[in-house]
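Structural characterization, general
Okay, here's what each chain looks like letter by letter:
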Amino acid sequence: MTNLMSGAKILLECLGREGVDCIFGYPGGVTLPFYDALYDDPIRHVLVRHEENACFAAAGYAMSTGRVGVCCATSGPGATNLVTGLVNALMDSIPIVALTGQVTSKLIGSDAFQEADTFGITRSCTKHNYLVKSLADLPQIIHEAFYIASTGRPGPVLVDIAKDVFQGQSHYSAVSAIHLPGYKVFTEGHAGQIRRASQAVWEAERPLVYAGGGIISANASEELRRFVELADAPAVCTLMGLGGLGSDHPNFISMPGMHGSYAANMGLSHCDLLIALGTRFDDRVTGRLSAFAPHAKVIHVDIDPAEIGKNRAPDIPIVGDAKRVLEKLNKLLEEQKPTDAERRAPARKAWWEKIHCWQREHPLQPTYSETEIKPQHLMAEIDRISGGRAIVTADVGQHQMWAAQLIRFNEPRLWINSGGLGSMGFSLPAAIGAQFANPGKLVFAVIGDGGFQMSIPELATLVNYKLPVKIVVSNNGYLGMVRQWQELFFNNRLSAVELSGFPDAEKLAAAYGFKGRTVDKPSELSSALEEAVREPGPYLLNVRVSCFENVFPMVPAGAAINEMVLAPPEPVAVPK
Ligand SMILES: Cc1ncc(C[n+]2csc(CCOP(=O)(O)OP(=O)(O)O)c2C)c(N)n1
């Protein structure tokens, strides 16, 4: 038993024991006692400029490391500002513990100053949430929060702590075990189903692996690599799963879905066995669900039983941790190569030929111009510099899709974006979190000019903490992705998408005390990016790209994924 401590110190003791080394946050009235205790605690606090960004930064930290990201906000507006970040973490299965202050327990329900029903508001945007009104409950709850956030399907857990809990005095007594009746995590997978899956893999003539973010959450990349090699199967990785199988691996096809490659979508449409691993049959991947993988028997491995059969009923459901299940599956595949494998060899060979043919017919490749910088050219240059090894965060929009199509990720936890929620304003704070967790690593924050303008306040955070993030604005002067939809589906009536008034990047960066530059000539692009990377501190590179470029391939909403539009239907008039 420790000495008598304040609740705030007990909270810090709990966080220390959970291995927390930094908290992204913003203080306020009811969290004052916590911030006072933080003053002389070894845990670093990163003062962001908006609570939403604290949650996004915690996401960047968590996604780049696999550790739980921690963010903190005060009661009322501080807590409500976290909501977008929490929904984002819930949709992308990111382990986060969010700490919020609440008014003194006696005042709860009295409409006290800066009181909001944080527990009620965040109920549907967290994996679990708590309201702590008694100091005696605090340690147990904090350790439970970390346990729930990081086990099973990871996700955000919010702990709302009344001010008097921070101020109370007690002893910290170690929490020896966590028993949560009703919270069961099945990691191992059903042995019989895994056996059936291995059988199905051998029997398939046209297998395809469809790997999602669950591969990355489960740290199962090595097992996935082994699996695709043993099964001799091509693999597509979803937007959240990029890097789960290295982009340079010969079995990696590319991303599937609305802006996925022709080969990936044709592969999904023609496979006879779909091996879905840690993925949720998201509508952006499946297109019209009834036409998705129509010829395939489906194996679905997921740690979350609620995902099994949610969108597509599998033939072989396996509830388990992707790493554990793949280990077992690999063992079976190693041990039992069937004697009649030869019989299927010609069909497998033909399947690979088909895949390669689709890749050759419509490869994902950058386009170039001599007069203007194509956004695809920009992504190809980032790819060249990264070599598949840099951390790249993205916001939401066209640049995100081109980045996903054209930048390679040869390791997991390099590609960090807001996939499920698709929240603008994610890239820069996520890059802050990722750079904090990976001080020696090259981090690019790729952002559209719209998303960048949602994040400008965080330039101060970069400078304060000397974070050498390379911000690359793909500046097309428009809310590009919305403009693309207006052009293609609303008769090119461009309504509220033009973004005039972008600031002078050099002056903006200089105002914050670092370097920035605008480029608009294709010939200047590579040297400008290299200059940004050479710079020891942060850098703002504003790249003026073609305004009216559209992302292709594109599966129109409601279409089947083999009904891709591969190129612009016809030249469109430039609006006045
Ligand atoms: C917070 C938020 N508001 C609105 C949207 C809707 N939205 C999706 S993409 C997009 C355009 C983004 O424009 P920009 O940041 O310039 O990127 P680009 O598409 O041009 O690459 C918008 C407005 C969103 N995803 N998130």
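Residues numbered from 1 in each chain as written. Predicted model: local features only at pLDDT ≥ 70, side-chain atom pairs only at ≥ 80, totals over all residues. Heavy atoms only, no water.

Right, let's talk about the packing of aromatic side chains for a bit. A complete count under the given rule lists 15 aromatic pairs for this structure. Taking the centre distance of 5.9 Å and the plane angle of 25° together, the rings of Phe34 and Phe166 count as stacked. Residue Phe34 is found in helix α2 (residues 32-38), and its partner Phe166 is found in helix α8 (residues 163-167); the two are separated by 132 residues along the sequence. Judged by relative accessible area, Phe34 falls into the buried class, the value being 1%. Look at Phe166 and you get buried, because its relative accessible area is 3%. Ring centres of Phe436 and Tyr465 lie 5.8 Å apart, and the angle between their planes is 65°; on these two criteria the pair is classed as edge-to-face. Here Phe436 is found in helix α18 (residues 427-437), whereas its partner Tyr465 is found in the loop between α20 (459-464) and β18 (470-475), with 29 residues between them in sequence. We classify Phe436 as buried; its relative accessible area is 15%. An aromatic cluster is built from Phe24, Tyr61, Phe436 and Tyr465, whose rings are joined through pairwise contacts. (Phe/Tyr/Trp six-rings, centres within 6.5 Å; stacked < 30°, edge-to-face > 60°. Helix = DSSP H or I, 4+ residues; strand = E, 2+ residues; numbered from the N terminus. Buried < 20%, exposed > 50% of the residue type's maximum accessible area, 1.4 Å probe, protein only.)

On to the pattern of salt bridges, then. One pass over the full model with this rule turns up 28 salt bridges. For Glu307, the salt bridge is made with Arg153, and the minimal N-O distance between the two is 2.8 Å. Taken together, the positions of Glu307 in the loop between β13 (297-302) and β14 (316-319) and Arg153 in the loop between α7 (138-150) and β7 (156-162) put the pair 154 residues apart, joining distant regions of the chain. Look at Glu307 and you get buried, because its relative accessible area is 7%. Across the pair Arg225 and Glu222 runs a salt bridge, and its minimum N-O distance is 2.4 Å. Placement of both Arg225 and Glu222 in helix α11 (residues 221-231) is noted, with a separation of 3 residues, approximately one turn of the helix. If you follow the salt bridges from partner to partner, you end up with Arg153, Asp304, Glu307 and Lys310 in one network. (Salt bridge = Lys/Arg side-chain N within 4 Å of Asp/Glu carboxyl O.)

Another aspect to go through is the sheet that holds strand β2 (residues 22-25). As summarised here, the arrangement of the 6 strands in space is β3-β2-β4-β5-β7-β6, forming an open sheet in which the pairing is parallel. Across the chains shown, the open sheet's two edge strands, defined by having one partner strand only, are β3 (44-47) and β6 (128-132). The mean angle between the axes of side-by-side strands here comes to 20°, regardless of whether they run parallel or antiparallel. Summarising the sheet, strand β4 (residues 69-73) and strand β5 (residues 96-102) pair through 5 bridges and their orientation is parallel. Within the sheet, the bridge partner assigned to Val70 lies in β5 and is Val97. (Pairing = 2+ DSSP bridges. Axes fitted to C-alpha atoms, helices over the stretch in contact; angles between N-to-C directions.)

Once that is clear, we can look at the site of the ligand. Contacts to the ligand come from 16 residues, most closely from Gln398, His399, Gly422, Gly451 and Gly480. At 3.2 Å from an oxygen atom of the ligand is found a side-chain nitrogen or oxygen belonging to Asp449. Taking Met481, its main chain carries an N or O atom lying 3.0 Å from an oxygen atom of the ligand. Coverage of the ligand by the protein amounts to 76% of the 590 Å² it exposes when considered alone. Residue assignment for the shell around the ligand shows that the elements contributing at least two residues are α17 (398-406), α19 (449-455) and α21 (480-489). The residue inventory of the shell around the ligand, partitioned by class, reads 6 nonpolar, 9 polar and 1 charged. (Near = heavy atom within 4 Å. Polar contact = N/O pair within 3.5 Å; in protein donor to acceptor, adjacent residues only side chain to side chain. Areas by Shrake-Rupley, 256 points an atom, 1.4 Å probe, with all protein chains shown as cover. Nonpolar A, V, L, I, M, F, W, Y, C, P; charged D, E, K, R; others polar.)

The next thing to look at is the environment of Ile318. Mapped onto the elements of the fold, Ile318 is located in strand β14. Of the residues examined, Ile318 reaches a relative accessible area of 0% and is grouped as buried. For the pair formed by Ile318 and Cys14, sequence separation is 304 residues and the distance between their alpha carbons is 35 Å. Excluding residues that lie within four positions of it along the chain, Ile318 makes contacts with Gly189, His190, Gln193, Ile194, Ala197, Ile299, His300, Val301, Asp302, Ile308 and Val325. (Contact = heavy atoms within 4.5 Å.)

Look at any regular strand and the pattern is simple: side chains alternate between the two faces of the sheet. Here strand β19 (residues 515-519) runs beside strand β20 (residues 539-544); their pairing, made up of 5 bridges, is parallel. Among the inter-strand pairings, Thr518 is bridged to a residue of β20, identified as Asn542. The parallel pair β19 and β20 is bridged by helix α23 (residues 522-534), and the resulting crossover is right-handed. (Right-handed = clockwise from strand over helix to strand, strands pointing away.)

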